[in-house]
Amino acid sequence: VQLQASGGGLVQAGGSLRLSCAASGRGFSTYGMGWFRQAPGKEREFVAGITSRGGSTYGADSVKGRFTISRDNAKNTVYLQMNSLEPEDTAVYYCAGSRLGYILPSGESDYWGQGTQVTVSS
C-alpha cells in the first residue's frame, strides 16, 4: 500500500485547509487511517484517527473542535478538514495506515505517506 498526501499550503490564521491522502493497493477499507504532524524541532505527534469503516473518529485535544477526519472507502481516500487554523498548526502532515483497523496515537503504523507542508501565518 502506498499513501499520497496532498492539500497542504500557506494559509492565514483562522483559515481552512483540507488534506487528502489517497491510497493505492488493496485493503484500504480494512485499515485504520490517521494523520500525524511534525513541526520543526519537535517530535511527531498524533492529530486524528479513524477506524476502518469510519465508525469511530478520535483526535488530539489540541485539534478537537477544529479538525475533522473522514474517509471515503470507495475512493481509497482519507481526509483531514482543518478549520480555525493557528500558527501552532504549522507542520508537515503525514497520513498513516494500520492493519489493526485503528491508528495507534503512539505512531506505530504499517504505512506512511510522504507528508504535506501546512504553514499558517499570523
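Up top you'll find the structure we're talking about.
Predicted, not measured: the structure shown is a model, and the values here were computed from it.

**Quick look at the state of the cysteines**
Working step 1: For the structure on display, the rule yields 1 disulfide.
Working step 2: Disulfide pairing places Cys21 opposite Cys95 at an S-S distance of 2.1 Å. Taking the sign of the torsion about the S-S bond as the criterion, the disulfide between Cys21 and Cys95, at about 55°, is right-handed. With Cys21 in strand E3 (residues 17-24) and Cys95 in strand E9 (residues 91-98), the pair connects residues that are 74 residues apart, well separated along the chain. Across the pair, Cys95 and Cys21 agree in class, each one buried.

**Here we look at the packing of aromatic side chains**
Working step 1: Applying the stated criterion across every chain yields a total of 4 aromatic pairs.
Working step 2: Between the aromatic rings of Tyr31 and Tyr111, the centroid separation amounts to 5.4 Å while the plane-to-plane angle is 45°, which identifies the pairing as tilted. Of the two residues, Tyr31 sits in the loop between E3 and strand E4 (32-38) while Tyr111 sits in strand E10 (residues 111-112), which places them 80 residues apart along the sequence.
Working step 3: A relative accessible area of 9% places Tyr31 in the buried class.
Working step 4: The cationic tip of Arg71 hangs over the ring face of Phe28; the distance from NZ or CZ to the ring centre is 4.6 Å.

About the criteria used
- Residues numbered from 1 in each chain as written.
- Predicted model: local features only at pLDDT ≥ 70, side-chain atom pairs only at ≥ 80, totals over all residues.
- Heavy atoms only, no water.
- Disulfide = S-S within 2.5 Å.
- Helix = DSSP H or I, 4+ residues; strand = E, 2+ residues; numbered from the N terminus.
- Buried < 20%, exposed > 50% of the residue type's maximum accessible area, 1.4 Å probe, protein only.
- Phe/Tyr/Trp six-rings, centres within 6.5 Å; stacked < 30°, edge-to-face > 60°.
- Lys NZ or Arg CZ within 6 Å of the ring centre and 35° of its normal.

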